[in-house]
Each structure stands twice: as C-alpha cells, then as structure tokens.
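Commentary on secondary and tertiary structure
If you want the building blocks of each chain, they are given just below.
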Amino acid sequence: MTILTDSMQDNVERAANLLRDAEHVIALTGAGISKESNVPTFRGTDGLWRKYNAMDLATPQAFNRNPDLVWEWYAWRQNLIASCMPNPAHNTLAEWERRGLLQALITQNVDGLHRRAGSERVYEVHGNIWAVKCISCDYRDRLHEPVQVTPRCPHCDELLRPDVVWFGESLDSELLGHVYEELNRADLCLVVGTSAVVQPAASFPLVIKNRGGIIIEVNVEPTPLTGAADLHIDGKAGEVLPAIDRALLSLS
Ligand code: BJW
Ligand code: ZN
C-alpha cells in the first residue's frame with residue numbers, strides 16, 4: 001500500500017466525504033487511468049503523439065490516404081492492449097459501481113479495461129479498439145485478436161476501419177444522448193487521468209459544475225479543468241482511487 005503525504009491524505013479524506021454526501025456520482029476517465037496498466041497516453045512526455053502525428057493516424061483523411069499505415073498503428077496498439085490488465089484504479093471504479101456509489105462511467109479510452117475490471121455502466125464515447133465498421137455499408141463487428149492485414153468487409157468487400165472516433169468526427173449521437181442524461185442527473189463528477197483538451201468530452205464535467213455540482217479531479221498534472229475543480233488530487237490514479245476507497249470504508 002502506498003504511504004500518502006499528510007496533504008494528500010487530507011485531500012483523499014475530503015474526496016471521500018464529498019463522494020459519501022453526493023447522490024448521483026459519475027466518473028469521466030482518460031488515458032491516464034490506464035497508464036499504470038502500461039497503456040501509453042496520447043500527450044505528455046512519453047505519449048503516443050510525441051512519436052506519431054495525430055493527423056497522420058487519427059483522422060478519416062489519414063485513413064483514406066493510407067489505410068495500411070493506420071491499421072498498422074491500431075494493430076500495434078491492439079497487441080499492446082491485449083497484454084495489459086486493469087489496474088487498481090479501474091478495479092476501484094468497478095467496485096464502486098457494484099456498491100451503488102458510482103452511477104455511470106464515461107470513458108474516452110478505447111482500451112476496454114473498465115469493462116474488463118467489471119464496470120458495466122460504461123459509455124465508451126471514443127469507441128473501442130476491438131470494434132470495426134465498414135466504410136461503405138452498415139456492417140459492424142468485434143475482433144477477438146489483433147488484426148494482421150488490413151481487414152475487408154465480408155458483405156461488400158470495402159475496407160473495414162476501427163470503430164473509434166477520430167478528430168473531426170462526431171461522437172455517436174444516441175450514446176451522447178445517454179451521456180447527457182447522466183450529466184444532467186449527476187451532482188458529482190470524478191475526473192480521472194484526462195488532459196481535458198479534447199472536445200466535447202473535456203466539457204462534460206462543466207455541465208455538472210454549471211448546475212451547482214462538484215468536480216473532483218485526479219491527475220498527476222494540472223489541466224484546463226483544474227480551475228473549475230472543487231478538489232484536485234495530485235497523484236496517480238492507481239494509488240489515489242484505492243486510498244479514497246479506504247477512506248470511504250473508514251467513514252462507514
Ligand atoms: C495520469 C497518470 C496517472 C498520466 N494517474 N493521471 C472546440 C475547440 C477546438 C477544437 C474542437 C472543438 N470542438 C471539437 C474540436 C475538434 C476536436 C478537438 O477537441 N480538438 C482539440 C485537440 C483542440 N474534437 C473532435 O474532433 C471530436 N469531434 C467533435 O467534436 O465532433 C464535432 C465536430 C466535428 C467536426 C468539426 C468540429 C466539431 C472528436 C475527438 C476524437 C478524439 N479521438 C482520440 C482518438 C480515439 C481513437 C484512438 O484511441 O485511437 O481520442 S484523440 C485522443 O485524445 C483519444 C483520447 O480519448 C483523447 C483524449 O485524450 P486523454 O484521454 O485526455 O489522454 P491524454 O494523453 O491527453 O492525457 C492523459 C492525462 O493523464 C494527462 O493529463 C496526464 O497528466 C494524466 N496522467 N498518468 C492520473 N498515473
Ligand atoms: Zn461493407
């Protein structure tokens with residue numbers, strides 16, 4: 001178990017009190033929650049965008065230009081993610097859902113680690129790395145292993161693409177409708193491991209804040225949301241979330 005500094009422990013206890021008193025808690029997670037599972041983040045010192053240009057890989061234009069290159073990158077990430085396991089931060093959120101403390105989990109991550117940890121009320125707003133869809137017809141499927149060659153549609157023979165949301169693409173409108181229902185019900189948003197720069201997800205917590213709700217942010221760095229947060233806990237998700245859980249258990 002990690003030993004926390006006094007100020008960190010104070011913040012952890014404040015978070016536990018806020019969570020205990022809230023009525024409808026939701027979480028928004030980003031790549032930072034999976035960092036301790038060894039899934040690379042996008043931004044930051046060893047983030048994916050340091051090595052690769054987002055515009056060469058995560059846009060529909062990039063896929064039209066060079067589908068093999070884009071698939072090569074996704075296949076590399078699928079291989080990497082297949083060998084990763086959920087960490088104590090994913091596990092804590094799953095446990096809070098089972099205990100009725102967490103009503104919904106909105107994630108920008110495509111790695112599927114929240115579901116693997118046991119979370120069920122998960123909204124994967126940027127899609128899932130194991131999902132594919134045809135660029136021409138309505139065909140969709142789930143992969144069971146990393147792709148080896150650029151896959152094609154069994155119905156129309158056009159290219160299949162990863163069913164994820166690239167820059168310039170809209171998020172699924174039905175899913176977004178459910179997300180906004182949650183945002184409009186929630187009185188506390190726990191924001192974990194996101195740089196909060198990619199819209200519209202970065203603004204989700206502000207919907208709650210603007211209705212008088214609370215934002216608790218857990219991140220190893222400040223973000224554009226930090227100013228709006230009622231509490232920023234500067235620490236690793238895999239250490240802070242289990243610490244909040246211990247504090248919650250000692251309250252009850
Ligand atoms: C730890 C930690 C530890 C590390 N513990 N913490 C308004 C203004 C300007 C631009 C726009 C705008 N509205 C829309 C746009 C355009 C664009 C956008 O937001 N651009 C900005 C970058 C400026 N948005 C879009 O295009 C979106 N679509 C859209 O808005 O549609 C409507 C529309 C259409 C056309 C025109 C205009 C509007 C779609 C966005 C899709 C993003 N897709 C990606 C790829 C997904 C597929 C894949 O994974 O391959 O999603 S990009 C990438 O960024 C990925 C992530 O989900 C997303 C967010 O990243 P995240 O999770 O925050 O990760 P990092 O790496 O940025 O941060 C990690 C954090 O963890 C850091 O803070 C660390 O400190 C922290 N950390 N270790 C705790 N152990
Ligand atoms: Zn097709």
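You'll find the structure just up there.
Parameters at a glance
The numbers attached to residues start from 1 for each chain and follow its sequence in the written order. All chains are assigned letters beginning at A, and all ligands numbers beginning at 1, according to the order in which they are written. In view of the model being predicted, local features appear only for residues whose pLDDT reaches at least 70, and side-chain atom pairs are presented and counted only at 80 or more, with totals across whole chains, interfaces and linings using the full set of residues. Hydrogen atoms and water are omitted, and side-chain values are computed over all heavy atoms in the structure. Each cavity reported here is a set of points on a 1 Å grid over the protein atoms alone in which a 1.4 Å probe fits but cannot get out, each pocket an open set with protein on both sides within 12 Å along at least five of seven lines, and each lining residue one with an atom within 4 Å of a point. Grid points are joined across faces, edges and corners, and a volume is the space filled by probe spheres set on the points. Boundary definitions for the domains trace back to an automatic or database domain assignment. The way it works is that DSSP assigns letters per residue, a run of H or I at least four long becomes a helix, a run of E at least two long becomes a strand, and they are numbered from the N terminus. Note that water is not among the atoms used; donors are N, O and S atoms within 2.8 Å of the metal (3.2 Å for Na, K and Ca), so sites may look incomplete. In these descriptions, tetrahedral denotes four donors with every angle between 85 and 135 degrees, square planar four donors and octahedral six donors with opposite donors over 155 degrees apart and the rest between 65 and 115, and irregular any other case. Throughout this description, buried means an accessible area under 20% of the type-specific maximum (1.4 Å probe, protein chains only), exposed means over 50%, and partly exposed covers the range between.

Inspection of every chain in the model, using the stated rule, returns three cavities of 30 Å³ or more. A volume near 100 Å³ is recorded for the largest cavity. Looking at the largest cavity, the residues that line it are Ala-31, Ser-34, Val-39, Pro-40, Phe-42, Leu-48, Arg-77, Ile-81, Gln-108, Asn-109, Val-110 and Asp-111. Each of domain 1 (1-38 + 86-126 + 171-252) and domain 2 (40-83 + 128-164) contributes no fewer than three residues to the lining of the largest cavity. Estimates place the volume of the second largest cavity at around 40 Å³. Every residue along the wall of the second largest cavity is listed here: Thr-107, Asn-109, Asp-111, Gly-112, Leu-113, His-114, Arg-115, Val-122 and Glu-124. Contributing elements (two or more residues each) for the lining of the second largest cavity: helix 7 (113-117) and strand 3 (122-124). The element contributing the most residues to the lining of the second largest cavity is helix 7, with three residues.

Protein ligation of the zinc ion (ligand 2) involves Cys-134 (SG), Cys-137 (SG), Cys-153 (SG) and Cys-156 (SG), the donor distances falling in the range 2.2 to 2.3 Å. Geometry at the zinc ion (ligand 2) is tetrahedral, judged from its four donor atoms and the angles of 98 to 121° they form at the metal. Between consecutive donors of the zinc ion (ligand 2), the numbers of intervening residues give the motif C-x2-C-x15-C-x2-C. Placement of Cys-137 in the loop between strand 4 (127-134) and strand 5 (140-142) and of Cys-153 in the loop between strand 5 and strand 6 (160-164) is noted, with a sequence separation of 16 residues between them. A residue is classified by how much of its surface remains accessible, and Cys-153, at 3% relative accessible area, is buried.

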